[in-house]
Amino acid sequence: MSEKANRSTGPNPVRPKIMLGVMSFLLAFAVAEVFCRGLAKSRAVDPMAGEDRPVVYYQVDPERAPLADVADDEAFRIAIIGDSFTAGQAVQKPERYAGQLEQMLNLYRGLRPVKVGVFAKSGTSTCQQLHLLHQARMWKPDLVILGICLNDTEDVFKWQQIREWRKDMIPRRPGPFVAAILKRSAFLAFVHRWFALRAADRGYVRYYRHLYDPAYSGWRHFRIAIKQFRNTCASENVPLLAVILPLMSDPFEPGRYRFEFAHAAIRALLEELGVAHVDALEKFRGKNPVRMMAIPVIDPHPSEIAHRMIAESILDHLLSLGYLPNEYRPVETGLRGYFNMRWNRAG
């Protein structure tokens, strides 16, 4: 028999390697499948279970609210205007930044009481909040604060366009055939979800890029609305302070926070129009976004911790701008030494 024939009838050295590779892949797939099934079971619970977030709102009786016994004309009145961030979605009303600011400004006797009124409606843009400014004017405030969220440049007259852009922010649903496969494999469902979430995250950033395109009609409406806020307050000799509120879903460190461009655009506009402002983003640098969100992953509205930090940022600027006398500055007791002592004991 020839040497060529011997080679053709002898054992194939490639076949065992192929079989080994297939078996290794199947084993890895099986391990990943078991792991993902266990992970899915651990998540198949009430998303609020074990959370420290409120699941109900406590309604506040106006007659029992703080400072209810102080007449409006006796108090220094601050009107805060905004959307769901200002309204305090997912936190109790006293915990929203308006309530915490009011508490900080009423710590001491002998000073004029300060009342903080909230004129906010969820889902509105700045141009829609002009009617809230009208409501606030009826209260005759001594100071107006405008809370600006990054989506406040949406063009409310072009909702179809907004809906189209928002589609990219939502993970795509698989077709019927793919969905049937994903139901049978937790691992493949995990992989599909990972890619879908990455794509939606990129769409999330693109959405805000659209909103801050100088040619976008919503940006033009936003610019006009800021001018109207400025002119209306100036005509009544009422100071206006704009507060830029960051998105709570991103790390806040420079270079990692992906929406610096939006903050820069708003700051530039406010400076151009001569509107006093504070960018609360600086207060959040280095903080953990998980602690800042009302319900991590599920609801990126500010938690009560984030609301406190916003209130502190506003308070610092009200005092530094001279909108309130320095006597309202809280007396501070340092806690770092206490924390260091507790840390050393724990170590």
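The residue count restarts for each chain, going from 1 along the sequence in the order it is written. In keeping with the predicted nature of the model, local features appear solely for residues at pLDDT of at least 70, side-chain atom pairs appear and are counted solely at 80 or more, and the whole-chain, interface and lining totals rest on all residues. Hydrogen atoms and water are omitted, and side-chain values are computed over all heavy atoms in the structure.

Please clarify how the overall build of the protein should be interpreted in this entry.
Numbering of helices and strands runs from the N terminus, with a helix taken as a DSSP run of H or I at least four residues long and a strand as a DSSP run of E at least two residues long. Scanning the protein for helices and strands turns up 14 helices and seven strands. A 1.4 Å probe rolled over the protein chains alone gives each residue an accessible area, and that area as a share of the maximum for its type sets the label: buried under 20%, exposed over 50%, partly exposed in between. Every one of the 347 residues in the protein was classed for burial, and the buried ones make up 38%. We call two residues in contact when some of their heavy atoms are within 4.5 Å. In the protein, the share of contacts with a sequence separation of at least 24, taken over all contacts with a separation of at least 6, comes to 79%. Residue-level accessible areas treat just the shown protein chains as cover; the underlying method is Shrake-Rupley with a 1.4 Å probe. When the accessible surface of the protein is totalled, it reaches about 20800 Å², and 58% of it is carbon and sulfur.

What should I look at first to understand the pattern of salt bridges in this one?
When the charged atoms of two side chains lie near each other, side chains of opposite charge can form a pair. Salt bridges, as used here, are contacts in which a Lys or Arg side-chain nitrogen is within 4 Å of a carboxyl oxygen on Asp or Glu. Summed over the entire model, instances satisfying the criterion amount to 12 salt bridges. Between Glu154 and Arg166 there is a salt bridge; the shortest N-O distance is 2.8 Å. Here Glu154 is found in the loop between strand 3 (143-149) and helix 6 (159-167), whereas its partner Arg166 is found in helix 6, with 12 residues between them in sequence. Classification of Glu154 as buried rests on a relative accessible area of 4%. Take Arg166: its relative accessible area is 32%, and that puts it in the partly exposed class. For the salt bridge of Glu312 with Arg308, the shortest nitrogen-to-oxygen distance reads 3.0 Å. Here Glu312 pairs with Arg308, and both are found in helix 13 (residues 304-320), just four residues apart, close to one helical turn. Residue Glu312 is classed as partly exposed on the basis of its relative accessible area of 23%. Among the charged side chains, a network of salt bridges with common partners joins Asp201, Asp250 and Arg258.

Just to check I follow, could you spell out the packing of aromatic side chains for this structure?
Two aromatic rings, taken as a pair, are described by how far apart their centres are and by the angle between their planes. Aromatic rings from Phe, Tyr and Trp, with only the six-membered ring used for Trp, were paired whenever their centres fell within 6.5 Å, and each pair was classed as stacked if the ring planes differed by under 30 degrees, edge-to-face if by over 60, and tilted otherwise. Scanning the model with the defined rule gives 14 aromatic pairs in all. By definition here, charges over rings are those cases where NZ of Lys or CZ of Arg is within 6 Å of the ring centre and within 35 degrees of the ring normal. Over the ring of Phe261 we find Arg209, and its NZ or CZ is 3.8 Å from the ring centre.

Explanation requested: the layout of surface pockets in the structure shown.
If you add up the space inside the largest pocket, you get close to 1600 Å³. Forming the boundary of the largest pocket are 43 residues, of which Arg193, Leu197, Pro296, Val297 and Ile298 lie nearest the centre. Where the lining of the largest pocket is concerned, the elements lending two or more residues are helix 2 (14-43), helix 3 (84-87), helix 6, helix 8 (186-211), helix 12 (289-292) and strand 7 (299-302). If one sorts the elements of the lining of the largest pocket by residue count, helix 8 sits on top with 11 residues. Here the term cavity refers to a set of points on a 1 Å grid, laid over the protein atoms alone, in which a 1.4 Å probe fits but cannot get out; the term pocket refers to an open set having protein on both sides within 12 Å along at least five of seven lines, with lining residues being those that place an atom within 4 Å of a point. Grid points are joined across faces, edges and corners, and a volume is the space filled by probe spheres set on the points.

Can you help me understand empty space enclosed by the protein in this one?
Here the idea is plain: a probe the size of a water molecule rolls over the atoms and shows the empty space left. The tally for this structure, following the rule as stated, stands at one cavity of 30 Å³ or more. Taken together, Leu133, Arg137, Pro141, Val144, Thr232, Cys233, Glu236 and Val238 make up the full set of residues lining the largest cavity. Of all the secondary-structure elements, those providing two or more residues to the lining of the largest cavity are helix 5 (130-138) and helix 9 (217-235).

What am I meant to see in the nonpolar core here?
Soluble globular proteins: nonpolar side chains tend toward being buried together. Remark: nonpolar core denotes a set of buried residues (Ala, Val, Leu, Ile, Met, Phe, Trp, Tyr, Cys) joined through side-chain atoms within 4.5 Å. Within the largest apolar cluster, 75 residues are counted, with the highest numbers of intra-cluster contacts made by Ile78, Leu150 and Tyr208. Ranked by the residues each element gives to this core, the list is headed by helix 13, at nine residues. Excluding residues that lie within four positions of it along the chain, Tyr208 makes contacts with Leu150, Asn151, Leu247, Phe259 and Phe261.

Just to check I follow, could you spell out the packing of helix 5 against helix 9 for this structure?
Two numbers describe a pair of packed helices, the interaxial angle and the distance between the axes. What counts as an axis is a line fitted to C-alpha atoms, over the stretch in contact for a helix, and the angles between N-to-C directions run from 0 to 180 degrees. Remark: helix 5 packs on helix 9, axes separated minimally by 11 Å, with the N-to-C direction vectors making an angle of 15°. Taken together, helix 5 and helix 9 sit at an angle that is classed as roughly parallel. For the pair helix 5 and helix 9, the crossing hand works out as right-handed. Between helix 5, through Leu130, Leu133 and Arg137, and helix 9, the contact on the second element is made entirely by Ala225, Gln228, Phe229, Thr232 and Cys233. All amino acids are sorted into three groups, where Ala, Val, Leu, Ile, Met, Phe, Trp, Tyr, Cys and Pro are nonpolar, Asp, Glu, Lys and Arg are charged, and the leftover types, Gly among them, are polar. Looking at the contact of helix 5 with helix 9, its residues break down into five nonpolar, two polar and one charged. We call two directions roughly parallel when the angle between them is under 35 degrees, roughly antiparallel when it is over 145, roughly perpendicular when it lies between 65 and 115, and oblique otherwise. Left-handed describes a crossing in which the near helix is turned anticlockwise from the far one by less than a right angle; the clockwise case is right-handed.

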